[in-house]
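# Close look at the chain arrangement
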Amino acid sequence: MAKKYMATFPSIYKKFLSQKVFTVEEVKAAFPKSTPSSLYVRISNLIKRGYLGKIKRGVYYAIPPDADPGSYSPDALLVASKLTSDSKLIYSGAILARKLYHNFPHVIRFTGAKRVREFSWGEFKLKFHQIPASDLGFERITIFDVPVMVARKERIIIDGLFRPKFVGGFEEYLRIVDKIETIDPEEVVEFVFAYGRAGLVQKVGLILEINRDKWNVSEKLLKILARQKSSYPIPLDVSSKSRRLVPRWNLWVSGRLLERIKQ
């Protein structure tokens with residue numbers, strides 16, 4: 001790897017070194033005067049010379065100048081962010097990216113414009129999901145100095161209730177919520193109505209009520225959500241056998257959770 005310490009690196013390598021993980025489509029966009037076939041040849045040569053590594057067809061990573069090409073591996077979150085165009089980290093992927101987990105997740109979940117097969121990278125499984133309101137509730141955060149699109153905390157609150165098993169189960173979800181210190185309650189309400197899922201609104205309302213002081217949730221917002229509750233009771237957590245009714249939300253909850261609700 002002595003060549004990597006030369007003052008001039010190959011152009012593709014220099015272009016994507018700071019990005020760490022990149023796609024062939026990004027290479028084509030960066031070098032529009034080169035033909036696709038010539039770019040594939042250049043990428044192949046850079047892999048042989050130890051500048052780049054291949055994740056799968058069309059997805060590559062740059063090996064840092066001081067790293068061993070035989071052992072270096074980019075972070076799985078960065079890999080997931082490039083497995084489909086417009087990749088966004090969701091569910092356990094977002095929780096891992098934001099370090100909100102209690103039990104460390106070994107599945108990174110993501111969404112994007114095109115469905116891709118489940119993919120393994122290191123200790124992680126990377127799983128694609130289609131989600132409701134896929135254009136709402138995301139922002140770029142920096143992971144290892146690389147900007148990655150990740151679900152906002154407001155969306156995590158909703159997604160964890162929508163699919164608890166994808167964040168580690170309902171108990172893990174409650175631990176995640178406890179770690180979220182600040183949110184925009186109005187955004188939560190906006191997002192949950194966009195989901196269009198019966199029963200989800202009242203579940204979100206209960207979580208907002210439980211955390212109303214910490215998150216500065218107004219009574220006005222809670223009333224807006226409460227008016228949308230179903231006409232018959234539903235369980236907050238389908239895996240719970242111990243249930244007590246919370247009339248305001250028409251939800252069956254565990255006795256332990258009921259103690260946290262302001263009456």
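Refer to the structure above for everything that follows.
The following paragraphs examine the structure supplied in this document.

Conventions adopted
- Residues numbered from 1 in each chain as written.
- Predicted model: local features only at pLDDT ≥ 70, side-chain atom pairs only at ≥ 80, totals over all residues.
- Heavy atoms only, no water.
- Core = buried A, V, L, I, M, F, W, Y, C linked by side-chain atoms within 4.5 Å.
- Buried < 20%, exposed > 50% of the residue type's maximum accessible area, 1.4 Å probe, protein only.
- Helix = DSSP H or I, 4+ residues; strand = E, 2+ residues; numbered from the N terminus.
- Pairing = 2+ DSSP bridges.
- Contact = heavy atoms within 4.5 Å.
- Axes fitted to C-alpha atoms, helices over the stretch in contact; angles between N-to-C directions.

### Concerning the nonpolar core
Of all hydrophobic cores here, the largest spans 78 residues; its most connected members are Leu 89, Ile 108, Leu 126, Tyr 173, Leu 208 and Trp 215. With 7 residues, the single largest contributor to this core is helix 9 (residues 200–210). Among the nonpolar cores identified, the runner-up in size contains 15 residues, and Tyr 13, Phe 16, Val 27 and Leu 52 belong to it.

### What to know about unusual backbone geometry
Look at Ala 133: it is not a glycine, yet its phi comes out positive at around 45°. Position of Ala 133 relative to the elements: it lies in the loop between strand 7 (124–128) and strand 8 (138–143). For Ala 133, a relative accessible area of 17% corresponds to the buried category. Positioned with a positive phi, Phe 144 is a non-glycine residue whose angle comes to about 50°. By secondary structure assignment, the location of Phe 144 is in the loop between strand 8 and strand 9 (146–151).

### Here we look at the sheet that holds strand 10 (residues 234–235)
Sheet architecture is open: 3 strands sit in the order 10-12-11, paired in mixed fashion. The outermost strands of the open sheet, each flanked by one partner alone, are strand 10 and strand 11 (244–246). Strands strand 10 and strand 12 (251–253) of the sheet are contacted by helix 9, whose axis makes an angle of about 50° with strand 12.

The quantities given are spatial measurements derived from coordinates; they are silent on function.
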